[in-house]
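# Per-entry structural report
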Amino acid sequence: MEYRTLRNQNQIPAVGLGTWQVTDRAQMVDVIGSAYEAGYRLIDTAAAYSNEIALAKAIAAHEIPREELILSDKVWNTSRGYEAVQEACKKSLKKLKTEYLDCYLIHWPASMKLYPNWEEMNADTWRGMEALYQAGLVRNIGVCNFKVHHLEALKKTAEVMPLINQVELHPGMPQEELLSYCKAEGIALEASSPLGNGQILTHEVITEIAAAHQVTPAQICLRWALAKDAIVIPKSTNPVRIRANLDVFGFTLSEEEIRRIDAMPYCGGIGIDSDEVEEFG
Ligand SMILES: NC(=O)c1ccc[n+]([C@@H]2O[C@H](COP(=O)([O-])OP(=O)(O)OC[C@H]3O[C@@H](n4cnc5c(N)ncnc54)[C@H](OP(=O)(O)O)[C@@H]3O)[C@@H](O)[C@H]2O)c1
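Summary of the structure given here. (Residues numbered from 1 in each chain as written. Predicted model: local features only at pLDDT ≥ 70, side-chain atom pairs only at ≥ 80, totals over all residues. Heavy atoms only, no water.)

What follows covers the environment of Val-22. Residue position: Val-22 is located in the loop between strand E3 (16-18) and helix H1 (25-38). In this structure the C-alpha to C-alpha distance between Val-22 and Asn-51, which are 29 residues apart in sequence, comes to 6.9 Å. If sequence neighbours within four positions are ignored, Val-22 has contacts with Gln-27, Met-28, Val-31, Asn-51, Lys-235 and Thr-237. (Helix = DSSP H or I, 4+ residues; strand = E, 2+ residues; numbered from the N terminus. Contact = heavy atoms within 4.5 Å.)

The structure is reproduced here in structure tokens:
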């Protein structure tokens, strides 16, 4: 396993498990069992995924020691603001049956399309995140789906800038500007939907490079993102894929291969623009 060292010197595994759309409790037990056995320690969830209780039950079912896990959770859009974010975090801690979160992220910035005061709203929510960090309830605070202008706006009032920014990043969506901004600012970039939600695995650039390395298309996508120093959190409920998605440290891509992947057009993923999005609940 590779690790990423955050600006506060805390370490995060470079590969974690995504859990969006895993809501069935029995399935969660199987998924967490396979992932833990394979070596995953970082698990990404969110209040909006409605699976925090299922995740806690799965962790308990496998008797996984809390200190071995890096639990990452997110506050949903309905809990914006200084007080609301702290309340939401406490509810999530209860559901996850834990005293602390390793990572807690704002799921979406307030959309400028809906809120003329989006800057103020994000700043206020962030103050609540800082309070959670200072209280020790959260070891690392961060954001998701923040673009450069969201981060620049936050900078005006933040005492601690986000340690992590989780955004859609995969072949076809290389996030070059945001990636170099985050690197310069000491913000770790975490790739959500690193497999483009499974939709990019048949693109010929990916399949050709996979064949050349005798690995799977998913492994190529993950290796490419890791080469950019991102943290990746692929989701799978299939034990064979769960194992394979972690087995990405035995080969490297050439510069030419990375350039070919960088040049791919957008061909799948979540594709939600955080400036354009209507509030969804
Ligand atoms: N912050 C945000 O706004 C945000 C947005 C999106 C996602 N996320 C996080 O990022 C995680 C990953 O993103 P995602 O769930 O959208 O999609 P993803 O990880 O890019 O792709 C998951 C899809 O690919 C399939 N898959 C996984 N491994 C595979 C393999 N080795 N070969 C072929 N197919 C494979 C999965 O199916 P099987 O399960 O059948 O294997 C699933 O359909 C989420 O679960 C969530 O934790 C965050």
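Back to the write-up after that little detour.
Two numbers describe how H1 lies on helix H9 (residues 239-246): the axes approach to 9 Å, and their chain directions differ by 35°. Viewed along their axes, H1 and H9 form a crossing whose handedness is right-handed. When H1 is examined against H9, the residues Val-31, Ser-34, Ala-35 and Ala-38 are found in contact with a partner set consisting of Pro-239, Ile-242, Arg-243 and Leu-246. (Axes fitted to C-alpha atoms, helices over the stretch in contact; angles between N-to-C directions. Left-handed = near helix turned anticlockwise from the far one by under 90°.)

One finds Tyr-104, Leu-151 and Ile-261 to be the most contacted residues of the largest nonpolar core, which totals 70 residues. At seven residues, the largest contribution of residues to this core is made by helix H8 (residues 217-227). If we skip the residues at most four places from it in the chain, Ile-261 touches Pro-171, Gly-172, Val-205, Ile-206, Ile-209, Ile-220, Trp-224 and Leu-253. Membership of the second largest hydrophobic core comes to 12 residues, among which are Leu-42, Cys-103, Leu-163 and Ile-233. (Core = buried A, V, L, I, M, F, W, Y, C linked by side-chain atoms within 4.5 Å. Buried < 20%, exposed > 50% of the residue type's maximum accessible area, 1.4 Å probe, protein only.)

As a further point, take the site of the ligand. Of all residues adjacent to the ligand, which total 29 residues, the nearest are Asp-44, Ser-193, Leu-195, Ser-236 and Arg-241. Separating an oxygen atom of the ligand from a backbone N or O atom of Gly-198 is a distance of 3.5 Å. Isolated, the ligand exposes 900 Å² of accessible area, and the fraction of that covered by the protein chains is 86%. Mapping the ligand onto the cavity grids shows that it belongs to the largest pocket. Among the residues making up the shell around the ligand, the classes are represented as 11 nonpolar, 14 polar and four charged. (Near = heavy atom within 4 Å. Polar contact = N/O pair within 3.5 Å; in protein donor to acceptor, adjacent residues only side chain to side chain. Areas by Shrake-Rupley, 256 points an atom, 1.4 Å probe, with all protein chains shown as cover. 1 Å grid on protein atoms, 1.4 Å probe; cavity = no way out; pocket = protein on both sides within 12 Å on 5 of 7 lines; lining within 4 Å. Sits in = over half its atoms within 2 Å of the grid points. Nonpolar A, V, L, I, M, F, W, Y, C, P; charged D, E, K, R; others polar.)

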